[in-house]
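Coordinate inspection notes
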Amino acid sequence: MGLTIVLLFLAAAVVFAMVTGVRIVPQAKVMVVERLGKFHRVASSGLNILIPFMDSPRAMEMRAGNRFTRNTLVDLREQVMGFETVQVITHDNVNMEVGSVIYYQIVDPSRALYQVENLALAIEQLTMTNLRNVMGGLTLDQTLTSRETVNTKLRMVLDEATEKWGVKVTRVELREIEPPQAIKSAMAKQMTAERERRAEVTKAEGDKAAAILQAEGEKISRILRAEAERDAEIARAEGHKRAVMLEAEGKAEATRLTFEAIHTGRATPEVLALRYLETLQELGKGDNKMFVPYEATTALGSIAMLKEVFANEAPAAAAPEAPRLPARAPSAAAMSAQALARNAAANATLPATRRVQPPPSDE
């Protein structure tokens, strides 16, 4: 009976040792093992044997959502920790609520356990404190437009502070920035005014460009119109010049042909007189016209010549009497003057328009 009890006790001890001494660690996780309360080793993924009553795993407090949990397995994967919005004051004394998200990874589980009491709480408080410091050095406009700058500054500060804890901060993001309602209203009005200003500037630039294009169009049209009018005037002048030249050439050719016809046909004085009368009839059509016959001009010319002859002989008669010379025949000039005087007298007695007998016909 006593031997059976001993055997049962040994069997129970073996089962307990197997249950507590054999541990299976999943992939991407490790276990910190202590022996007699002192750090012994880090159990990696797979099957691990622990000595009962001597080796024991150390639990780590981690944050899962909004609560903290204790677990003997340390996750080596990159983890994300989101924080509630926190009140911050900017450099220009504007209160706002800022929410952030941090991404970190445990690279040394032993230091994460022994260098800080509560790793999750330490990271949370460190993030909020540095977030207030960084946002306090920026103005409202800078916080709204320089998120990447804020993220970089926070990551550098947190990574430097958590390095001794065996934690690597990989990324920090500002999740949301909520200014007060009054600031939102002012920003909305400012945005509306800015958009209206841009619209006015764009419209003014469009009107300016349209006016410039219209002025250039009018300038080009005026230049083209002036060039067209100049070319038209040149063409009209050339046409008029050509017409005058052709008309003059036609008149010259007609005169030449008429002259050749007269000389070739050997026109008699009677025919010329008839043409003279026909021309006078054409010129006499109309009122208030006076004509001087061709014969009258001949008579006037003869009288003027006689006047000159008598004027030349008068000084000769007033001179002292010269010795008498034998009589000589009259000179040719005197005879021509006498003939012209007779013709002038005869033409003066005739009417201006006398009938000219037609030349006798060949019959």
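The structure we're discussing is the one just above.
Residues numbered from 1 in each chain as written. Predicted model: local features only at pLDDT ≥ 70, side-chain atom pairs only at ≥ 80, totals over all residues. Heavy atoms only, no water.

This part takes up the overall build of the protein chain. A count of helical and extended segments in the protein chain gives nine helices and twelve strands. Long-range contacts, defined here as pairs at least 24 residues apart, represent 61% of the contacts in the protein chain between residues at least 6 apart. For the protein chain, the computed accessible surface area is about 26500 Å², with 59% contributed by carbon and sulfur atoms. (Helix = DSSP H or I, 4+ residues; strand = E, 2+ residues; numbered from the N terminus. Contact = heavy atoms within 4.5 Å. Areas by Shrake-Rupley, 256 points an atom, 1.4 Å probe, with all protein chains shown as cover.)

Our focus in this paragraph is the packing of helix H3 (residues 119-136) against helix H5 (residues 147-162). Direction vectors running N to C along H3 and H5 enclose 140°, while the axes themselves pass 10 Å from each other. Judged by the angle between their axes, H3 and H5 are oblique. With respect to the hand of their crossing, H3 and H5 are arranged in right-handed fashion. Residues Leu126, Thr127, Asn130, Leu131, Val134 and Met135 of H3 form the contact with H5, whose own contacting residues are Val150, Lys153, Leu154, Val157, Leu158, Ala161 and Thr162. When the residues that make up the contact of H3 with H5 are grouped by side-chain class, the tally is nine nonpolar, three polar and one charged. (Axes fitted to C-alpha atoms, helices over the stretch in contact; angles between N-to-C directions. Parallel < 35°, antiparallel > 145°, perpendicular 65-115°, else oblique. Left-handed = near helix turned anticlockwise from the far one by under 90°. Nonpolar A, V, L, I, M, F, W, Y, C, P; charged D, E, K, R; others polar.)

The terminal C-alpha atoms of H5 lie 22 Å apart, and with 16 residues this matches the ideal 22 Å at 1.5 Å per residue to within 8%. The complete set of buried residues in H5 reads Val150, Asn151, Leu154, Leu158, Asp159 and Thr162. Along the axis of H5, the buried positions cluster into a sector of 150°, meaning they face one direction only. Exposed residues lying more than 90 degrees from the buried face of H5 are Met156 and Glu160. Residues of H5 that are buried make contact with strand E11 (95-106), H3 and strand E12 (167-178). (Expected span 1.5 Å × (residues − 1). Buried < 20%, exposed > 50% of the residue type's maximum accessible area, 1.4 Å probe, protein only. Arc of directions from axis to C-beta.)

For H3, built from 18 residues, the straight-helix expectation of 26 Å at 1.5 Å per residue is met to within 8% by its first-to-last C-alpha distance of 26 Å. Among the residues making up H3, those that are buried are Leu119, Ala120, Ala122, Ile123, Glu124, Leu126, Thr127, Met128, Asn130, Leu131, Val134 and Met135.

For a regular strand, side-chain orientation follows a simple rule: the groups alternate between the two sheet faces. Most of strand E2 (residues 29-35) sits out of view: five of its seven residues are buried. Taken together, the five bridges between E2 and strand E3 (residues 38-43) define a ladder with antiparallel strand orientation. Each residue of the ladder has a partner; that of Glu34, found in E3, is Phe39. Between E2 and E3, which pair antiparallel in sequence order, lie two residues; one of them, Leu36, sits at a positive phi of approximately 55°. Bridging between E2 and strand E5 (residues 55-57) involves three bridges; their strand directions are antiparallel. By the bridge assignment for E5, Glu34 is matched with Ser56. (Pairing = 2+ DSSP bridges.)

Quick look at the packing of aromatic side chains now. Overall, the coordinates contain one aromatic pair when judged by the stated rule. Here the aromatic rings of Phe39 and Tyr114 are separated by 5.9 Å at their centres, their planes lie at 75°, and the arrangement is edge-to-face. Of this pair, Phe39 sits in strand E3 while Tyr114 sits in helix H2 (residues 109-114); the two residues are 75 residues apart in sequence, bridging distant segments of the chain. The class for Phe39 is partly exposed, based on a relative accessible area of 37%. Residue Tyr114 is classed as partly exposed on the basis of its relative accessible area, which comes to 36%. (Phe/Tyr/Trp six-rings, centres within 6.5 Å; stacked < 30°, edge-to-face > 60°.)

Once that is clear, we can look at the pattern of salt bridges. Counting across every chain of the model gives 16 salt bridges. Between Glu194 and Arg198 there is a salt bridge, and its shortest N-O distance comes to 3.3 Å. Linking Glu194 with Arg198, this pair stays in helix H6 (residues 181-265), spanning four residues, or about one helical turn. A salt bridge links Arg256 to Glu253; its shortest N-O distance comes to 2.1 Å. Within this pair, Arg256 and its partner Glu253 are both found in helix H6, separated by three residues, close to a single helical turn. In this structure Arg256 comes out as partly exposed when scored by relative accessible area, which is 37%. (Salt bridge = Lys/Arg side-chain N within 4 Å of Asp/Glu carboxyl O.)

A separate point is unusual backbone geometry. Positioned with a positive phi, Ala28 is a non-glycine residue whose angle comes to about 65°. Within the secondary structure, Ala28 sits in the loop between strand E1 (22-25) and E2. The class of Ala28 is partly exposed, set by a relative accessible area of 24%. A positive phi angle, close to 65°, is found at Phe53, a residue other than glycine. Topologically, Phe53 is positioned in the loop between strand E4 (46-49) and E5. You can call Phe53 exposed: its relative accessible area is 73%.

Turning to its location among the elements, Asn118 is positioned in the loop between H2 and H3. Since its relative accessible area comes to 15%, Asn118 is described here as buried. For the pair Asn118 and Glu61, spaced 57 residues apart in sequence, the C-alpha separation works out to 6.3 Å.

Okay, the side chain of Ser100 next. Within the secondary structure, Ser100 sits in strand E11. Each residue touching Ser100, except ones within four places of it in the same chain, is listed here: Met81, Gly82, Phe83, Thr127, Leu131, Glu173, Leu174 and Arg175.

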